[in-house]
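Spelled out from the first residue to the last, the chains are:
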Amino acid sequence: MTPGICETAGAVTDSLPAPLLRAVDHARGFLPSLRDRPVTVDATFAALVSALGGPLPESGDEPAHVIDDLAATALPGLMATAGPRYFGFVTGGSYPVAVAADWLVSTWDQNAALHVMSPAMSAIEAVTSHWILDVLDLPRDASVAFVTGAHMANVTGLAAARDEVLRRHGWDVESRGLQGAPTVTVLAGADAHSSIAAATRLLGLGADRIICVPSDDQGRMRADALALLLSSSAGPRIVCAQAGNVNTGACDPFVPIASAARAHGAWLHVDGAFGLWAAASPARRHLVDGVALADSWTTDGHKWLNVPYDSGIAIVAHPSAHRAAMSQSAVYLTPAANAERDGMDWTPEASRRARAVPIYAVFRALGRSGLAELVDRCCRLASRMAEKLRSAEGVRVLNDIVLNQVLVRFDSADGANVTPAVIAGVQREGTCWCGPTGWQGEPAMRISVSNWQTSEQDVDRSADAIMGVHSRTR
Ligand SMILES: *Cc1c(COP(=O)(O)O)cnc(C)c1O
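Numbers given for residues are sequential positions, taken from 1 along each chain in its written order. Side-chain atom pairs in this predicted model are given and counted only at pLDDT of 80 or more, local residue features only at pLDDT of at least 70, and totals for whole chains, interfaces and linings cover all residues. Side-chain metrics in this entry use all non-hydrogen atoms of the structure; hydrogen atoms and water are not considered.

Let us look at the sheet that holds strand S11 (residues 442-448). For two strands to pair, DSSP has to find at least two bridges joining them. Elements are defined by DSSP. Helices are runs of H or I of four residues or more, strands are runs of E of two residues or more, and each kind is numbered from the N terminus. The 4 strands are arranged S8-S9-S11-S10 in an open sheet whose pairing can be described as antiparallel. Of all the strands in the sheet, the pair left with one neighbour each is strand S8 (395-397) and strand S10 (435-439). Averaged over all adjacent pairs, the angle separating strand axes in this sheet is 40°, with direction ignored. One ladder, built from 4 bridges, connects strand S9 (residues 405-410) with S11; its direction is antiparallel. Its bridge partner lying in S11, Leu-407 is registered against Arg-446. The axes are straight lines fitted to the C-alpha atoms, using for helices just the contacting stretch, and the angles between their N-to-C directions are given from 0 to 180°.

The following block contains the structure:
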């Protein structure tokens, strides 16, 4: 009989192996420290390597000591990326419920490749898939893959796209490969994420053969330009659009893009690593109007959903193309007997971590309303940051704040762009962390509010610190 958790909680704790107890203790110290820890690291790579390294030990060490030593040695090199004032890249933190679920994933050590290997993980993936399609309002019969990140989700979606557009032109790319195949033309917005080019490279489509579709002043693909380019090309085609420009947060106009793609028989893929989550908020949903008309989508769990790495999600409106591109078979790979889910059918992996579990836990803990609230709160805080910074002399906010991204330029008293110096100063000062980018040929600072813990005070403290560095730089 399975013992009830309540009756045995004390005994369970005491009987946990010592290294696990030590890890709990380190979490107890580290997680609360994220609120006030400086968002900067002094330790150099060389110092860390030397502290962690030395020759491979000949004999083993006591496991609890290994964990203690690991935690102590890594600590000076840990960046507070999971904390509330890390605004670099587009980086979420992790809800405690997601970390706890992730601990369970490691504890259970299930292989989420096949239903026969773990019926529970197969069921959790199936339920989580339905919830994702529901909250993002995508076709309910689409297939969902849990992969390592948005990059691998782009690879997965574009592999399905390659399969389908070539099949429509009488070519079975899964068996015949690309040699001798009709040319596949990929069209992507001028502001597409670098991962789109990297994915086309991996898929043999050639990054330099992407046709670049001009974008507007917020980085949105111009649908009229796309329609023209589609009219002047022929054959199998894939269009890559974007929900959430990494600089401005702007989303492409999906209704006219989808209609142009459809008119030309092109596959429409949408990279929405963070921006797709706008669909979870009734107040922001209009930003991704028409996104459900696409053929495949990419998003991340480890960014705005605030689950631990690695968590990417690929969604495909044509499950047969998706499965054909990803699945493998062997006599010993027992397929599910009755439509149960085999996770590896949809991913470029065989043995796999049960990545859906932390996503499931966050969905349960927040519910539909909590997800909307997370998205709205981050967007509100991004607007607050923009307002604060904009009030200072010599600071210009370069984008329309539609989502969680703020793009800023800092000028010296005589109007020179001193943004790189301000960024370096902010990163040294350590109240918050913001990174560099380029916008319309000029250096700019990018601020992304994606963390569940970020509060108004965090934004105000950070804005003050940034403006302080700027006034000292001027
Ligand atoms: C972050 C990001 C990616 C890459 O995602 P990973 O999760 O780092 O693999 C791709 N596209 C966009 C728009 C992104 O923001």
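A few words now on the confidence of the model for the protein. Known as pLDDT, the predictor's per-residue confidence is scaled from 0 to 100. This prediction gives the protein a mean pLDDT of 96; 97% of its residues lie at or above 70. Averaged pLDDT values over the elements of the protein bottom out at 54 in helix H1 (residues 5-15) and peak at 99 in strand S5 (residues 267-271). What makes two residues a contact is simply this: any of their non-hydrogen atoms within 4.5 Å. Counting contacts from residues 1-8, a segment whose pLDDT is below 50, to residues more than four positions away or on other chains yields 1 contact.

A few words on the site of the ligand. Around the ligand sit Gly-149, Ala-150, His-151, His-193, Gln-242, Val-246, Asp-271, Ala-273, Phe-274, Asp-300, His-302 and Lys-303, and that is every residue in its neighbourhood. Polar contacts, as used here, are pairs of N or O atoms within 3.5 Å; protein pairs need one atom able to donate a hydrogen and one able to accept it. Residues neighboring in sequence count only if both atoms are side-chain atoms. Contact distances for the ligand include 2.8 Å between an oxygen atom and a backbone N or O atom of His-151. With respect to the ligand, the side chain of Asp-271 contributes an N or O atom lying 2.6 Å from a nitrogen atom. Working definition of accessibility: Shrake-Rupley area with a 1.4 Å probe, residue cover restricted to the visible protein chains. Protein burial of the ligand: of its 380 Å² of free accessible surface, 83% is covered by the chains. Residue polarity is assigned by list, with Asp, Glu, Lys and Arg as charged and Ala, Val, Leu, Ile, Met, Phe, Trp, Tyr, Cys and Pro as nonpolar; anything else, Gly included, falls into the polar class. Here the shell around the ligand is built from residues that sort into 4 nonpolar, 5 polar and 3 charged. Think of it this way: one heavy atom of a residue within 4 Å of a molecule or strand is enough to make that residue near it.

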